[in-house]
Amino acid sequence: MNRRRRVYEGKAKILYEGPEPGTLIQHFKDDATAFNKKKHDVIEGKGVLNNRISEHIFLKLAEIGVPTHFIKRINMREQLIREVEIIPVEVVVRNVAAGSLSKRLGLEEGTQLPRSIIEFYYKADELDDPMVSEEHITAFGWANPQEIDEMMALGLRINDFMTGLFLGIGIRLVDFKVEFGRLFENDMMRIVLADEISPDCCRLWDIESDDKLDKDRFRRDMGGLVEAYREVARRLGILVENNPAPHKGPHLVRSK
Ligand code: TMP
Ligand code: ASP
């Protein structure tokens, strides 16, 4: 491994200095944590899958005009990204009650929400990422009102797109978390999607069986995390398999 300068190490990723100014290399680790590191394990193969899944989703989102930090995938575990100033707010979009929302409001997991709901959490490990309101975000200067509007609009577009993407492969997008950053170009500043989108930060349920294909398998000691992530990658069509499963979906029938 060459001696690159490490800029930041998080729970599941490392950021290294990139080859050009304004770029970084985002390295996906195999570490899985939950409840703010109170639970930790190394799950071989997770980083490779998340790198591929996140690349796939970021590229698709770019195709529909969602600006992102992603430049290109470099290898199995790494991608080249634009350096952005991360806004210290996690944006959670929910379609179905689960996790902390179910607990907080006493809603049975799996209850369809009347509409998609956006929540904000302050990125602060030492405080366990507390939920905050727009008032906190603007009062403490983490983002201004226009930036909040932009994050909400992008969050909803990402949700609409991903809901359809996953529905098409038999998966219900229950909820997900995204992060945004400020990208400075010349004298301009844009809000772009940053971090990653992978089964680590989404709830993905099989549409038929409600099987969990996401990090809840780790949070809830269910096992089979890598197998579930691999299934998501396979359905997204980004895994080349030795023994492809028989194609179950509809296929094109050519007329003569
Ligand atoms: P929650 O129900 O635990 O609040 O999680 C909502 C969504 O956000 C779920 O898809 C998991 C994701 N998430 C993260 O990506 N990182 C976090 O630190 C937390 C708490 C949730
Ligand atoms: N990402 C957080 C942690 O690593 C929480 C979670 O995803 O459940 O602790």
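Residues numbered from 1 in each chain as written. Chains lettered and ligands numbered in written order. Predicted model: local features only at pLDDT ≥ 70, side-chain atom pairs only at ≥ 80, totals over all residues. Heavy atoms only, no water.

**Observations regarding the packing of aromatic side chains**
Then, number 1: Under the criterion given, the structure shown has 2 aromatic pairs.
Then, number 2: With 3.8 Å between their ring centres and 10° between their planes, tyrosine 122 and tryptophan 142 make a pair best called stacked. Of the two residues, tyrosine 122 sits in strand β10 (residues 112–122) while tryptophan 142 sits in the loop between α3 (134–139) and α4 (145–167), which places them 20 residues apart along the sequence.
Then, number 3: The partly exposed category is assigned to tyrosine 122, whose relative accessible area is 21%.
Then, number 4: A relative accessible area of 14% places tryptophan 142 in the buried class.
Then, number 5: With a centroid separation of 5.3 Å and an interplanar angle of 25°, the aromatic rings of phenylalanine 140 and tryptophan 142 are classed as stacked.
Then, number 6: Taken together, Tyr122, Phe140 and Trp142 form an aromatic cluster joined through their ring pairs. (Phe/Tyr/Trp six-rings, centres within 6.5 Å; stacked < 30°, edge-to-face > 60°. Helix = DSSP H or I, 4+ residues; strand = E, 2+ residues; numbered from the N terminus. Buried < 20%, exposed > 50% of the residue type's maximum accessible area, 1.4 Å probe, protein only.)

**What about the site of ligand 1?**
Then, number 1: For ligand 1, the set of nearby residues contains 16 residues, the closest of which are Arg94, Ser100, Asp175, Cys201 and Arg203.
Then, number 2: Contacts to ligand 1 include serine 100, whose side-chain N or O atom sits 2.6 Å from an oxygen atom.
Then, number 3: Here aspartate 175 contributes a side-chain N or O atom positioned 2.5 Å from an oxygen atom of ligand 1.
Then, number 4: Isolated, ligand 1 exposes 450 Å² of accessible area, and the fraction of that covered by the protein chains is 77%.
Then, number 5: Mapping ligand 1 onto the cavity grids shows that it belongs to the largest pocket. (Near = heavy atom within 4 Å. Polar contact = N/O pair within 3.5 Å; in protein donor to acceptor, adjacent residues only side chain to side chain. Areas by Shrake-Rupley, 256 points an atom, 1.4 Å probe, with all protein chains shown as cover. 1 Å grid on protein atoms, 1.4 Å probe; cavity = no way out; pocket = protein on both sides within 12 Å on 5 of 7 lines; lining within 4 Å. Sits in = over half its atoms within 2 Å of the grid points.)

**A word on the site of ligand 2**
Then, number 1: Near ligand 2 you find Lys11, Thr33, Ala34, Phe35, Asn36, Lys37, Lys215 and Arg219, and these make up its full shell.
Then, number 2: Here lysine 37 contributes a backbone N or O atom positioned 3.0 Å from an oxygen atom of ligand 2.
Then, number 3: Separating an oxygen atom of ligand 2 from a side-chain N or O atom of arginine 219 is a distance of 2.7 Å.
Then, number 4: Compared with its free state, where it exposes 270 Å², ligand 2 has 74% of that area covered by protein.
Then, number 5: The cavity where ligand 2 resides is the largest pocket.
Then, number 6: Of the residues contributing to the shell around ligand 2, the split by class is 2 nonpolar, 2 polar and 4 charged. (Nonpolar A, V, L, I, M, F, W, Y, C, P; charged D, E, K, R; others polar.)

**Some thoughts on the layout of surface pockets**
Then, number 1: Computed from the structure, the largest pocket encloses a volume of approximately 1,700 Å³.
Then, number 2: What lines the largest pocket is a set of 50 residues, among which Lys11, Glu90, Asp129, Lys177 and Lys215 lie closest to the centre. (Points joined across faces, edges and corners; volume = space filled by probe spheres on them.)

**Here's the deal with the pattern of salt bridges**
Then, number 1: Applying the stated criterion across every chain, the model contains 30 salt bridges.
Then, number 2: A salt bridge links arginine 219 to aspartate 216; the nearest nitrogen and oxygen atoms lie 2.8 Å apart. Of this pair, arginine 219 and aspartate 216 both sit in helix α5 (residues 216–219), 3 residues apart, which is roughly one turn of that helix.
Then, number 3: Given the relative accessible area of 23%, arginine 219 is considered partly exposed.
Then, number 4: Under the relative-accessibility criterion, aspartate 216 is labelled buried at 1%.
Then, number 5: Measuring nitrogen to oxygen at the nearest pair gives 3.5 Å for the salt bridge that ties aspartate 216 to arginine 220.
Then, number 6: Here the salt bridges do not stand alone but share partners, grouping Arg94, Arg104, Glu109, Glu119, Asp175, Arg203, Asp216, Arg219 and Arg220 into one network. (Salt bridge = Lys/Arg side-chain N within 4 Å of Asp/Glu carboxyl O.)

All we've got here are geometric facts, nothing functional implied.
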